[in-house]
Amino acid sequence: MKQSLLKFFHKIEPDKKKSPFLHTLYDGFFTFAFAPNITTKGGVHIRDGMDLKRQMVHVVLALQLCYLFGTYNIGHQHFVALGEYTGFLQGVHLKLIYGLIKILPIFVVTHVVGLGIEFYYAAKKGHGIEEGFLVSGALIPLIMPPDLPLWILALSVAFAVWIGKEAFGGTGMNVLNIALLARVFVFFAYPTYISGDDVWIAGIDKVDGAYVGQEYGWIYGVFDWIFSGLGLDTFGAGRMAVVDGYSGATPLSLAFQGGWEKVTETYSAGQMLWGTIPGSVGETSKPLIVLGALFLIFTKIADWRIMVSMVLGAAFMGILLNLWDVTPFMAVPWYYHFYMGSFFFAMAYMATDPVTAAGTPTGKWIYGFLIGVIGIIIRVLNKAYPEGWMLAILFMNVFAPLIDYYVVQANINRRAKRAQALKAGV
Amino acid sequence: MKNTASKAIFTLLCCLPMNFILAQTEAGNTGSSYFTYTLIALAVIIFLFIVIQVADNLISIEARQLGVAGGNSFSLFPKWSEIFSSRKPAYLNGEKVTVLKQGHDILLEGGAEKHIKGIAQVATFAIQPANFIGVSPIPKLEVEVGQEVKAGDILYADKKRPYLKWAAPVSGEIVAINRGEKRAIAEIVIMADKTIQYRQFPRFALETADRAELVAYLMDAGIWPLIRQRPFHLIPDEDTIPRDIFISTFDTAPLAPDLNLVVDGQEVAFQKGLDVLAKLTSGQVHLGLDASSENAPHAAFTQARGVAKHWFSGKHPAGNVGIQIHHIRPIGGADDVVWTVGVQEVITIGKLFTEQKYDASRVVVLSGAELEQPQYVQTWQGANLGDLVKGNLKTEKVRIISGDVLSGVKKDTSSFLNFFDDQVSVILEGDYFALFGWLLPTLNVPSVSPTFPSALLKDTTFRADTNTHGEKRAFVVTGNYEEVLPMDIYPQMLFKSILTGDFERMEGLGIYELAEEDVALCEFVCVSKQPIQEILRKGLETMRAQA
């Protein structure tokens, strides 16, 4: 089987000179199927089995739980807002299909745009396709609101990959986290699509000042036909009224208004923990994210120092604000901060990006801690930004080289001092 | 100090369950009272700690008064070392051990049985000028093809430094002088006699002679190239006096020879070699000893006289002399010169003084999974590799390496063992395509990454091949070089500074302390498949040109 597949691949290999783009494309897919037959030349004769593809793919693997839950939760939130199937396991097929209809276009557009640009540059520069976008492409759908218009998504991905990465020289050279750059682009260019209370639940429109459910188009009709054939519940026509008291607000905006009491009026701590709340697609379920984080730590893909120090930083700042205690949000006990918002997702997948984080072990402690501190400051004190992690991480991305500079300089000074002592001794 | 810290942590751990109880009673209360409870809990912990500490002291005082041996072992607190560090072997007798946490042992199949099989049937031997860095590629030849030489006769001298002379390792006829690129001399090949004839040297009075006389004597005997100098890993100049001389008595590289076996029976020559080296340095001769194996190192090492001994315990590269220098007395700069000598080279030096001959015999380990019979053999410097592995190869598609798999050099059956190498590794060539190689948890791939199940199964051995398991990429991952380099150095920053040609940073980040073999493991683990050893050599050459 393997041999015939190899033969097939060799048969369809396009000419490198005549069509460089096609060849790059081919090379990308070929190396995806087969690890290449390159052998060591000079230097070490055996190499570790780990390569960048494997490294990146394991992050994507860790994200799969978030994808699964995120997809389902899109549907769950939609139906809960309409007052239907309010139990988590009611209407499973409808919620899952609804989620898939929402997330698949996001996923496809992200990859078509992002990989397209990657392929173009790989062909232009004449190197293989680099794996960086495997992770960015898997992360971007998870940090966007489910109803984000696809053209905005395409613009943001293009911006992030083009300006954020390729302009700096490709994978490994970027200063800012690509996935967050895509999100921050939407955040500042099209703020109404990614902030406020109206965007976090899919398929709820505002018609004449009142919220109603979306109309279910032809694609839902196709599934309705299947479901009715199987004797299951169907989507129907749509345009249903939302439940009484619907606001769509996330715990964070509630906390800003009235502290922890106000939050718990709408969401229970358990709901926030397990993630059956509105939010960006993949960031709501804390246990699943922590599971992914543990997987990354255990496989040594991501650095545990950044994660631990970020928790410490957030806890430290949370305690400080508890002591200050002026606004209702400041009074929210520091440990409840971990229940709300996307802290864990940012910690596990965003802050630990090795390219944009600090590179030295000491630097990583400082880097993570400061992200924790700044993130909580933005979350609690800044009215304009309901969640702080995106901005905190991008901010610290910029400072990571500076942190590293001082850590390395300390090493240089230590060595210089030692050399001087040695000279004085002789 | 450390003990107190361990006590405090232990007490904290003991009190942890209490925290949970407190937390439960707190449930339902507001946040502020949680603080109060935490404070109370802390106070209780401190109180308990004081009580236990007082009781602990009273017990040890009582024990001392009763005259019980080892009064400290009655402590209520388990000692830090008792919990975490592995039990130190008995042969150490409480000597200080430098424990190196970072590193990685690549366990390969094809280790040799610890027994020397006798003299290998090797017909030709060669000295290769290209084995030395900083030596002109076309040396001044003292011999010609067809000439008969004795072991110890001078074959050639360096053009730039004519006092540097190389001696013939065996006696016999010069059968070929092979030239490489740009007419550089690649090999001077000697067809060995059945019994080796030695050039007899005059007896040298080591005790009364001064250093200059000794240096001249060593130069004439072709001993000088056996010594290497750091920084830069070169043959030293004639007039440099090294600050210290370092010798590692164990090799931790994959399938490396056991030097205890090598030194067995050569104790006198080894000690004599140490005595000679001691006369050459203004400082001391330092021996690095292995503290991680179960059995004590050979008495020739542990009982060596006139040297400073340092125990090291850890995975590869703990046995590398560069790592040991870093932990004994690190190199301070370009002008801070130290020398390093291998164990077999020390024996060769010693034999010049005990037997008045240049004895370049070497114990060489033939290792690797592609050999029918991995074994130790007795031969001489620069033995022909084809002869060494003749009739011993399992398949044809192999790579024959002079040295270990990390920093050795690719050779073929017509070429020769490199000057300093005492190991031949034979591994499979890996020019195959692996279906979904980047995803599957393959078993037979050595790796430091826990994404491979083999990382969980300790003592798994691998039949490794030369496949790179991926393509070259830019530096992406951080922190994994540090995990295999037990030095206070930021390797990735250093390599980047070499690539950008930043002299000051290279110097500041410690390039002088490194040689290729020290960073070989960094190259092995590199996720981006960068040629780390090549980068380091480039940096060292840049710095040497500057100096």
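Here, the structure is the one placed above.
So, how was this worked out
Residues numbered from 1 in each chain as written. Chains lettered and ligands numbered in written order. Predicted model: local features only at pLDDT ≥ 70, side-chain atom pairs only at ≥ 80, totals over all residues. Heavy atoms only, no water. Helix = DSSP H or I, 4+ residues; strand = E, 2+ residues; numbered from the N terminus. Expected span 1.5 Å × (residues − 1). Buried < 20%, exposed > 50% of the residue type's maximum accessible area, 1.4 Å probe, protein only. Pairing = 2+ DSSP bridges. Contact = heavy atoms within 4.5 Å. Buried area = accessible area lost by both parts, 1.4 Å probe. Salt bridge = Lys/Arg side-chain N within 4 Å of Asp/Glu carboxyl O. Polar contact = N/O pair within 3.5 Å; in protein donor to acceptor, adjacent residues only side chain to side chain. Nonpolar A, V, L, I, M, F, W, Y, C, P; charged D, E, K, R; others polar.

With respect to helix α6 (residues 267-280) of chain B
The terminal C-alpha atoms of α6(B) lie 20 Å apart, and with 14 residues this matches the ideal 20 Å at 1.5 Å per residue to within 8%. Looking only at α6(B), the buried set comprises Ala269(B), Phe270(B), Gln271(B), Gly273(B), Leu274(B), Val276(B), Leu277(B) and Leu280(B).

Regarding the pairing of strand β3 (residues 210-213) of chain A
Residues and elements named next belong to chain A. Bridge count for strand β2 (residues 204-207) against β3 is four bridges, and the pairing is antiparallel. Within β3, the position partnered with Lys206 by the bridge is Tyr211. Connecting β2 to the antiparallel partner β3 that follows it, the hairpin turn spans two residues, and Asp208 within it adopts a positive phi of roughly 50°.

Examining the interface of chain A and chain B
Opposite the 69 residues of chain A that make contact, chain B presents 82 residues. Approximately 6300 Å² of surface area, both sides summed, lies buried where chain A meets chain B, with 59% of it carried by carbon and sulfur atoms. One can count seven salt bridges joining chain A with chain B. Where Glu513(B) meets Arg415(A), a salt bridge forms, and the shortest distance between an N and an O atom there is 2.9 Å. Scanning the region where chain A abuts chain B turns up 29 residue pairs in polar contact (both at pLDDT 80 or more). Mapped by element, the contributors of at least two residues to the side of chain A that touches chain B are α1 (2-12), α2 (20-33), β1 (34-35), α3 (52-81), α14 (361-381) and α15 (389-425) of chain A. Element by element, the count of residues in the side of chain A that touches chain B is highest for α15(A), at 13 residues. Of the residues belonging to the side of chain A that touches chain B, the class tally is 34 nonpolar, 19 polar and 16 charged. Where β1(A) lies against strand β20 (residues 434-435) of chain B, two bridges are found, and the strand directions are antiparallel. Within the sheet, the bridge partner assigned to Ala35(A) lies in β20(B) and is Ala434(B).

Some points on the sheet that holds strand β7 (residues 165-167) of chain B
Residues and elements named next belong to chain B. Ordered by their spatial adjacency, three strands build an open sheet running β4-β6-β7, and the pairing between neighbours is antiparallel. Looking at strand neighbours, the two that pair on one side only are β4 (140-141) and β7, the edges of this open sheet. Across two bridges, β4 lies against strand β6 (residues 154-157) in antiparallel orientation. Within β6, the position partnered with Leu141 by the bridge is Tyr156.

Some thoughts on the pattern of salt bridges
All names here are of chain B. Overall, the coordinates contain 37 salt bridges over all chains when judged by the stated rule. Across the pair Lys114 and Asp258 runs a salt bridge, and its minimum N-O distance is 3.5 Å. Of this pair, Lys114 sits in the loop between β1 (97-100) and β2 (116-119) while Asp258 sits in the loop between β11 (245-248) and α5 (259-263); the two residues are 144 residues apart in sequence, bridging distant segments of the chain. For Lys390, the salt bridge identified is with Asp387, shortest N-O distance 3.7 Å.

This is a description of form; function is not addressed.
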